[in-house]
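Close look at the chain arrangement
The lines below spell out each chain.
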Amino acid sequence: MYDYLVVGAGLYGSIFAHEAKKAGKSVLVIDKRPNIAGNVYTEKVEGINVHKYGAHIFHTNNKKVWDYITQFAEFNRFTNSPVANYKGELYSLPFNMYTFNKMWGVVTPEEAAAKIEEQKKEITGEPQNLEEQAISLVGRDIYEKLIKGYTEKQWGRDCKELPSFIIKRLPVRLTFDNNYFNALYQGIPMGGYTKMVENILEGIEVRLGVDYLENKEEYDAIADKIVYTGAIDAYFDYKLGNLEYRSVRFENELLDKPNFQGNAAVNYTDRETPWTRIIEHKWFEFGKDEEGNDLPKTVISREYSSEWKPGDEPYYPVNDEKNGKLYAEYKKLADNEPKVIFGGRLGEYKYYDMDAVIASVLDMCEKEL
Ligand code: UDP
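Reading the values: rules and limits
- Residues numbered from 1 in each chain as written.
- Predicted model: local features only at pLDDT ≥ 70, side-chain atom pairs only at ≥ 80, totals over all residues.
- Heavy atoms only, no water.
- Helix = DSSP H or I, 4+ residues; strand = E, 2+ residues; numbered from the N terminus.
- Pairing = 2+ DSSP bridges.
- Contact = heavy atoms within 4.5 Å.
- Axes fitted to C-alpha atoms, helices over the stretch in contact; angles between N-to-C directions.
- Buried < 20%, exposed > 50% of the residue type's maximum accessible area, 1.4 Å probe, protein only.
- Near = heavy atom within 4 Å.
- Polar contact = N/O pair within 3.5 Å; in protein donor to acceptor, adjacent residues only side chain to side chain.
- Areas by Shrake-Rupley, 256 points an atom, 1.4 Å probe, with all protein chains shown as cover.
- Nonpolar A, V, L, I, M, F, W, Y, C, P; charged D, E, K, R; others polar.
- Salt bridge = Lys/Arg side-chain N within 4 Å of Asp/Glu carboxyl O.

The residue after Leu93, namely Pro94, is reached through a cis peptide bond having omega -5°. For Pro94, the position within the fold is in the loop between strand 7 (89-92) and helix 3 (97-104). One non-glycine residue, Glu46, adopts positive backbone phi at about 50°. Relative to the elements of secondary structure, Glu46 occurs in the loop between strand 3 (42-45) and strand 4 (48-51). Phi at Lys87 takes a positive value of approximately 50°, unusual for a residue other than glycine.

Structure, rendered in structure tokens:
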């Protein structure tokens, strides 16, 4: 008998297990995948740490979270500065003076502000959806070239149907600062995320390739409590209907050249290109191997977004009103499961960044352990 069975070896589950062990509890971690680390999993290909489930760039303003995670890995000084490719025109992201200069030829912050001011006039009153929010932040030109196509591909929904908070993730700056995140701390764990999660899970029993929901009764019987980090609607066998998620598919290519696109992330912001972005993984670590040598080859991943259907991996919860209501119903069911703690992006149906997941699990540990 274990004190805790943790379902899912991603960040939430691993950190919970680590803290439980530290508190003297017995804990077993299981995951249906053949590997630990959930969606932060990285795999070495030709000396390059490939982010197998999409790019993960750690960033936070939370010192407690930063101090916590840096126990398990040293972080490099990677700063995310994606480039947008709109039909062959390149723009700097997030929206900053380089972007405004390229878009409008403006040179001073005042000129840029005046352009935005003039274009945002079309939105009167409080923005009601992502489209209105975007136009009122940066104006119609930028909305049309850098936001609309990308957002509609990523979410598979019209920008008028999407909640405005999604676009508020992106900074708008009247300075020549193209650091994507407003974060005090940022970087990529040296040696890869998988190594970091291995360190978190050190000394903890982990069983991979086992499906909790398929053998639920058996697993429920071996622990006093369950920490479940899978999808909340799957836990309840979708009995109230399924929550909507976006899934992602990656086409990975190993290229026999040192440099494909000169940047870790290039977003394809037009509607016609079928992928949303291309990640060139080596640039997360400056194109070097662990000894500091230049890597001769490169691995790229084209990212395609699709609506989740049963059997796919869920990546992004679609946090709109309709799904919010359904989630609230599932949450009520979850609250009536005294043995089970639901956590993480899928367990809480929340568009969490990694640092928010860590903050959330540490809070839970304080209450629980
Ligand atoms: N976004 C956009 N154009 C871009 C990049 C992002 O319009 O070139 C918007 C889009 O609505 C997207 C949101 O910003 O859904 C968040 O994007 P981000 O790339 O930060 O999301 P991630 O997939 O990294 O969580």
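Within the open sheet, the seven strands sit side by side as 7-6-12-13-14-11-15. Their pairing is mixed. Looking at strand neighbours, the two that pair on one side only are strand 7 and strand 15 (316-317), the edges of this open sheet. Sitting on the sheet, helix 6 (residues 140-155) touches strand 6 (83-86), strand 7, strand 11 (245-255), strand 12 (265-268), strand 13 (277-280), strand 14 (298-307) and strand 15, and the angle it makes with strand 6 is about 90°.

Before going further, it helps to examine the pairing of strand 4. On any regular strand, side chains alternate: one points to one face of the sheet, the next to the other face. Burial along strand 4 is two-sided: the residues Ile48 and Val50 and Asn49 and His51 are all buried. Hairpin connection of strand 3 to strand 4: two residues between the antiparallel strands, including Glu46 at a positive phi of 50°.

Another aspect to go through is the site of the ligand. Around the ligand, the structure places 17 residues, and the nearest of them are Thr151, Trp155, Arg277, Tyr316 and Tyr351. A distance of 2.8 Å is found between an oxygen atom of the ligand and a side-chain nitrogen or oxygen belonging to Arg277. Between the ligand and Tyr316, the relevant distance is 2.5 Å, taken from an oxygen atom to a side-chain nitrogen or oxygen of the residue. If the ligand stood free it would expose 520 Å²; the protein chains cover 93% of that surface. The element contributing the most residues to the shell around the ligand is helix 6, with six residues. Partitioned by chemical class, the residues of the shell around the ligand number 11 nonpolar, four polar and two charged.

A few words now on the pattern of salt bridges. Two side chains bearing opposite charge may form a pair once their charged atoms approach each other closely. Scanning all chains against the criterion turns up 31 salt bridges. Between Glu290 and Lys44 there is a salt bridge whose closest N-O contact spans 2.5 Å. In this pair, Glu290 is assigned in the loop between strand 13 and strand 14 and Lys44 in strand 3, connecting sequence segments 246 residues apart. For Glu290, a relative accessible area of 58% gives the class exposed. Taking the shortest distance from any N to any O, the salt bridge between Lys325 and Glu321 comes out at 3.7 Å. Taken as a pair, Lys325 and Glu321 lie in helix 10 (residues 321-335) at a separation of four residues, close to a single helical turn. Like Lys325, the residue Glu321 is exposed in the burial classification. By sharing partners, the salt bridges in this structure join Arg157, Glu244, Arg246, Glu307 and Lys322 into a single network.

Everything listed here is a matter of geometry and, on its own, says nothing about what the molecule does.
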